[in-house]
There are 2 protein chains.
Amino acid sequence: MNIVLLDPRQTESELWIISAKRQLEHLGTHVDVQVGDTLKVGIREGKRYLTEVMSVSEQQIQLKPLHEEPVPAKLPVTLIVAMPRPKVLRRLIMDSVTLGVEKIILLHSYRVDKSYWQTPFLQQLSHYVDLGLEQAGDTIAPQIQLHKRFKPFVEDILPTLISADRPAFVAHPYVEQRMPAGIGHACSIIIGPEGGFIPYEIDLLIKNGCQAVSLGNRIIRTETVIPYVLGRLFSL
Amino acid sequence: MNIVLLDPRQTESELWIISAKRQLEHLGTHVDVQVGDTLKVGIREGKRYLTEVMSVSEQQIQLKPLHEEPVPAKLPVTLIVAMPRPKVLRRLIMDSVTLGVEKIILLHSYRVDKSYWQTPFLQQLSHYVDLGLEQAGDTIAPQIQLHKRFKPFVEDILPTLISADRPAFVAHPYVEQRMPAGIGHACSIIIGPEGGFIPYEIDLLIKNGCQAVSLGNRIIRTETVIPYVLGRLFSL
């Protein structure tokens, strides 16, 4: 936790208030925060500030804002991922948020186990978004969309995300073209499930405007490939 | 598991033999392997082959090698990481191996909890190396070294890893110079602990030939920053 995310209503009075149990416990145990310390605070969907700790109790910590700090820029990327196992989903959300992905789309695919759509994690996504934001020092949550039907998404929605200056790349091992690097513009990245997209899905993605690109001959897990690809594409 | 790693002695007779419980269980439950199927096999520290399944029993699977397949190239990188929490260490090893890191050095640092050096995971590193190799389709284990004393390592060993065409980059948030991208040559990457290196450590690293470089103003967890940096540096 590198900043403390607050709701706007916690910052309405002159002294701002941290009252969430999770945050109080973290600041008490890991940071051992004391009166007079400075604390980085982000206002949900708003600005970031350096604050000074004015009082510490078990119920709340009171803060005085000192000055504004910059909120890190987002990566202009829409990450479209075949719905992974719950454990992977949790990491995927946290890492994508930490790295600044603007929009995350969870998509069904032939090799996605239908039970993955039943995981309770889907009710807790906002919690993992918060953890990612507090890790990165960001305040703006990404959009997250769920699409449980592959074909309608690829035929009706995906084309609206693609344009000449906003390509879509689907990671696919069996093509010559390499994933580009250091691109200076927005794009969509499409990551298949364990075992990959089936040929029908790859064909449909390409037919609807995606470029199939290879990441080389190592097979990388979903949760690992996402930071790897983001580091490659946005290495500017 | 995208290949099955075998020891050379399992491939000495005409028919090769899978007998490890972990591999048999995986092939039985996740792959449901049958006689006549083809199976990708790697010989530890050796070559990779496509094989045909000749027999399947609870005790062993017999394979006939069909033809050789290329072993993916390694990244010419030495990854030097402040010893992380055991849970992070496991992922760090698996991901680094999957992505092809040539050499991994686990280093002590002021902000590393001494208890981390007591974790049983350190006795199981080779298991997580195997999982990473079987994920990537690689057969060559990276070198892994442990250095429990920061100063002697940085002053005596680190300089021997650095040369004009083999720089060392230490990720550090408070510098202007950005981490380079798409470099065409070998390098060392140095990643600090949670909370970062202390100023004394950064100074000592720089004094001994490291370049302090920034990854921007997002704070990224160790396990996430490694694929992110590898994707950035080796995006050729």
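This structure is a prediction, so every number in the text was calculated from the model and none was measured.

A. Main features of the relation of the copies chain A and chain B. Of the transformation superimposing chain A on chain B, the axial component is 0.0 Å and the angular component is 180°, with the fit at an RMSD of 0.0 Å. A rotation of that kind, with that shift, is consistent with a two-fold axis.

B. Local environment of helix H4 (residues 150-161) of chain B. Residues and elements named next belong to chain B. Buried within H4 we find Phe150, Phe153, Val154, Leu158 and Leu161. Projected onto a plane normal to the axis of H4, the buried residues spread over an arc of 90° and lie on a single side. Seen from the open side of H4, the exposed residues pointing more than 90 degrees away from its buried face are Asp156 and Thr160. Packing partners of the buried residues in H4 comprise strand E6 (75-82), strand E7 (101-107), strand E8 (143-147), strand E10 (187-191), helix H5 (199-207) and strand E11 (210-213).

C. Just the sheet that holds E8 of chain B, in detail. Residues and elements named next belong to chain B. Spatial strand order, E8-E7-E6-E10-E9-E11: six strands in an open sheet with parallel pairing. The two strands at the open ends of the sheet, each matched to only one other strand, are E8 and E11. Neighbour to neighbour, the strand axes of the sheet diverge by 20° on average, direction disregarded. When E7 meets E8, the two strands line up parallel, connected through five bridges. Bridging across to E8, Ile105 finds its partner in Gln145. Strands E6, E7 and E8 of the sheet are contacted by helix H2 (residues 86-99), whose axis makes an angle of about 160° with E7.

D. Representation of unusual backbone geometry in the model. Residue and element names in this part refer to chain B. The backbone of Asp32 sits at a positive phi, close to 50°, despite the residue not being glycine. Within the secondary structure, Asp32 sits in the loop between helix H1 (21-31) and strand E3 (38-43). Relative accessible area serves as the criterion here: at 46%, Asp32 is assigned to the partly exposed category. Although it is not a glycine, Glu45 adopts a positive phi angle of roughly 60°. Considering the arrangement of structural elements, one finds Glu45 in the loop between E3 and strand E4 (48-56). Given the relative accessible area of 48%, Glu45 is considered partly exposed.

E. Region of the structure containing the packing of H2 of chain B against helix H6 (residues 222-233) of chain B. Residue and element names in this part refer to chain B. Close contact between H2 and H6 brings their axes to 9 Å; oriented N to C, the two are set at 15°. Judged on the interaxial angle alone, H6 and H2 are roughly parallel. Both H2 and H6 take part in a crossing whose hand is right-handed. Taking contact as the criterion, the partners of Val88, Arg91, Leu92, Asp95, Ser96 and Leu99 in H2 are, on H6, Thr222, Glu223, Ile226, Pro227 and Leu230.

F. Just the side chain of His108 of chain B, in detail. All names here are of chain B. By the element assignment, His108 lies in the loop between E7 and helix H3 (125-136). Judged by relative accessible area, which is 12%, His108 ranks as buried. Of note is the side chain of His108, whose polar atom sits 2.9 Å from the side chain of Trp117. Non-local contacts of His108, meaning those with residues more than four positions away in its chain, are made with Lys114, Trp117, His147, Lys148, Arg149 and Phe150.

G. The packing of aromatic side chains, seen in detail. Residues and elements named next belong to chain A. For the coordinates displayed, the defined rule picks out six aromatic pairs over all chains. Judged by centre distance (5.1 Å) and plane angle (85°), the rings of Trp16 and Tyr49 are edge-to-face. Note that Trp16 is positioned in strand E2 (residues 16-18) and Tyr49 in strand E4 (residues 48-56), a separation of 33 residues in sequence. Of the two residues, Trp16 and Tyr49, both sit in the buried class. The interplanar angle of 80° and the centroid separation of 5.8 Å between the aromatic rings of Phe121 and Tyr128 together place this pair among those described as edge-to-face. In this pair, the class of Phe121 matches that of Tyr128, namely buried.

H. Summary view of the domain arrangement of chain A. Residues and elements named next belong to chain A. Domain boundaries in chain A define domain 1 (4-69) and domain 2 (75-234). In this structure, domain 1 and domain 2 have C-alpha centres spaced 33 Å apart. Here domain 1 and domain 2 share an interface that buries about 790 Å² over both sides, 46% of which is from carbon and sulfur atoms. There are two salt bridges connecting domain 1 and domain 2. Applying the counting rule to domain 1 against domain 2 returns eight residue pairs in polar contact (both at pLDDT 80 or more). Taken together, the elements giving at least two residues each to the side of domain 1 that touches domain 2 come down to strand E1 (4-6), helix H1 (21-31) and strand E3 (38-43). Among the residues forming the side of domain 1 that touches domain 2, the class breakdown is three nonpolar, three polar and five charged.

Scoring rules and cut-offs
Residues numbered from 1 in each chain as written. Chains lettered and ligands numbered in written order. Predicted model: local features only at pLDDT ≥ 70, side-chain atom pairs only at ≥ 80, totals over all residues. Heavy atoms only, no water. Least-squares fit on C-alpha atoms with pLDDT ≥ 70 in both. Buried < 20%, exposed > 50% of the residue type's maximum accessible area, 1.4 Å probe, protein only. Helix = DSSP H or I, 4+ residues; strand = E, 2+ residues; numbered from the N terminus. Arc of directions from axis to C-beta. Contact = heavy atoms within 4.5 Å. Pairing = 2+ DSSP bridges. Axes fitted to C-alpha atoms, helices over the stretch in contact; angles between N-to-C directions. Parallel < 35°, antiparallel > 145°, perpendicular 65-115°, else oblique. Left-handed = near helix turned anticlockwise from the far one by under 90°. Polar contact = N/O pair within 3.5 Å; in protein donor to acceptor, adjacent residues only side chain to side chain. Phe/Tyr/Trp six-rings, centres within 6.5 Å; stacked < 30°, edge-to-face > 60°. Domains from an automatic or database assignment. Buried area = accessible area lost by both parts, 1.4 Å probe. Salt bridge = Lys/Arg side-chain N within 4 Å of Asp/Glu carboxyl O. Nonpolar A, V, L, I, M, F, W, Y, C, P; charged D, E, K, R; others polar.

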